[in-house]
Amino acid sequence: MSAISIVVLHPSRWQEAKRLRLEALRQDPTAFASSYEEAQAYADEVWINRVAAAFKRDRSMTLYAENEGTLRGMAGAAWSSRCKFCHVAEVYGVYVSPAMRGQGVGTKLMSALLDELAAQPRIEKVKLSVTSSHEAAVRLYQRLGFEIVGTAKGELKVAGEYHDLYYMEKQLALHRSDAAAPASGGAQNRVQ
């Protein structure tokens, strides 16, 4: 395997992000809350705005795994501007193309995402949900320090079948001082 680079996409590459997201929804429908049909119907402006917001770190970020000029994986996170929740980031949209699985791409993506979140001065905790039957994903998150904190029975319904979700979380830092946090910003497009 040639080298994997972890990149932040410029908004001009929104069509690549769209292609990868649609691939993910088609390949692993039980791994995501969105459906392929819903996402395929989005106007181009929705895709453009998502990539632009993640590029600017406007309460979200998405990192991509790139190999030989092609996007092979992604992992995103978002956080609230509401003062009572702004210390928590939620991971979403984690995906690695089938041909790249088992080669450490997911670990590289998630490690980079966690590093970027840790560089955000206000983020203290990261949470995610994962379909309980996706054992490789659960093991990856556990290796990275996430713990299962709850189970939602039958939370996801795909093609008439119900799937349980695990809720997982990881503490990045406990009780960071608000005085240490700058008024704005944080890490800006650190990953290249």
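The text that follows walks through the structure, step by step, so that each part is easy to find. (Residues numbered from 1 in each chain as written. Predicted model: local features only at pLDDT ≥ 70, side-chain atom pairs only at ≥ 80, totals over all residues. Heavy atoms only, no water.)

This paragraph deals with the nonpolar core. The biggest cluster of nonpolar side chains holds 30 residues, and the ones touching the most others in it are Leu-109, Met-110, Leu-113, Leu-117, Tyr-141 and Phe-146. When contributions to this core are tallied by element, the ones reaching two or more residues are strand E2 (60-67), strand E3 (70-79), strand E4 (88-96), helix H4 (105-119), strand E5 (125-131) and helix H5 (135-143). Of the residues forming this core, the biggest block, 7 residues, is contributed by H4. Setting aside residues no more than four positions away along its own chain, Phe-146 makes contact with Met-110, Leu-114, Val-126, Leu-128, Tyr-141, Met-168, Glu-169 and Lys-170. Counting 17 residues, the second-largest nonpolar core is a separate cluster that includes Leu-9, Leu-20, Leu-22 and Leu-25. (Core = buried A, V, L, I, M, F, W, Y, C linked by side-chain atoms within 4.5 Å. Buried < 20%, exposed > 50% of the residue type's maximum accessible area, 1.4 Å probe, protein only. Helix = DSSP H or I, 4+ residues; strand = E, 2+ residues; numbered from the N terminus. Contact = heavy atoms within 4.5 Å.)

Pairing of E3 with E4 involves 6 bridges; the strand directions are antiparallel. Paired with Gly-76 across the strands is Tyr-92, a residue of E4. Between the parallel pair E4 and E5, the chain is carried across by H4, and the sense of this crossover is right-handed. (Pairing = 2+ DSSP bridges. Right-handed = clockwise from strand over helix to strand, strands pointing away.)

This paragraph deals with the packing of aromatic side chains. In this description, an aromatic ring pair is defined by two values, namely the gap between the centres and the angle between the planes. Within the structure shown, the criterion is met by 2 aromatic pairs. Residues Tyr-42 and Trp-47 carry aromatic rings whose centres are separated by 5.7 Å and whose planes lie at 55 degrees to one another, so their mutual orientation is tilted. By relative accessible area, which is 26% here, Tyr-42 ends up partly exposed. A ring pair is formed by Tyr-141 and Phe-146, whose centres lie 5.9 Å apart and whose planes are at 65 degrees; its orientation type is edge-to-face. By relative accessible area, Phe-146 is classed as buried at 3%. Above the face of the Trp-47 ring, Arg-50 is positioned so that its terminal group lies 5.9 Å from the ring centre. (Phe/Tyr/Trp six-rings, centres within 6.5 Å; stacked < 30°, edge-to-face > 60°. Lys NZ or Arg CZ within 6 Å of the ring centre and 35° of its normal.)

Here the structure, examined in full by the defined rule, presents 8 salt bridges. For Lys-18, the salt bridge identified is with Asp-44, shortest N-O distance 3.8 Å. You can see Lys-18 sitting in helix H1 (residues 14-27) and its partner Asp-44 sitting in helix H3 (residues 44-56), a full 26 residues away along the chain. Because the salt bridges share partners, they merge into one network encompassing Arg-13, Glu-16 and Glu-66. (Salt bridge = Lys/Arg side-chain N within 4 Å of Asp/Glu carboxyl O.)

Attention shifts here to the sheet that holds strand E1 (residues 5-7). Strand order in the open sheet formed by 7 strands is E1-E2-E3-E4-E5-E7-E6, with mixed pairing between adjacent strands. Each of the sheet's edge strands pairs with one partner strand only, and the pair in question is E1 and strand E6 (147-158). If you compare each strand with its neighbour and ignore which way they point, the axes differ by 25 degrees on average. Pairing analysis gives 3 bridges linking E4 to E5, with the strands arranged parallel. Considered in E5, the bridge of Glu-90 is made with Lys-127. Contacts from H1 reach E2, E3 and E4 within the one sheet, and its direction differs from that of E3 by about 90 degrees. Packed on one face of the sheet, H5 meets E4, E5, E6 and strand E7 (161-171) and runs near 165 degrees to E5. (Axes fitted to C-alpha atoms, helices over the stretch in contact; angles between N-to-C directions.)

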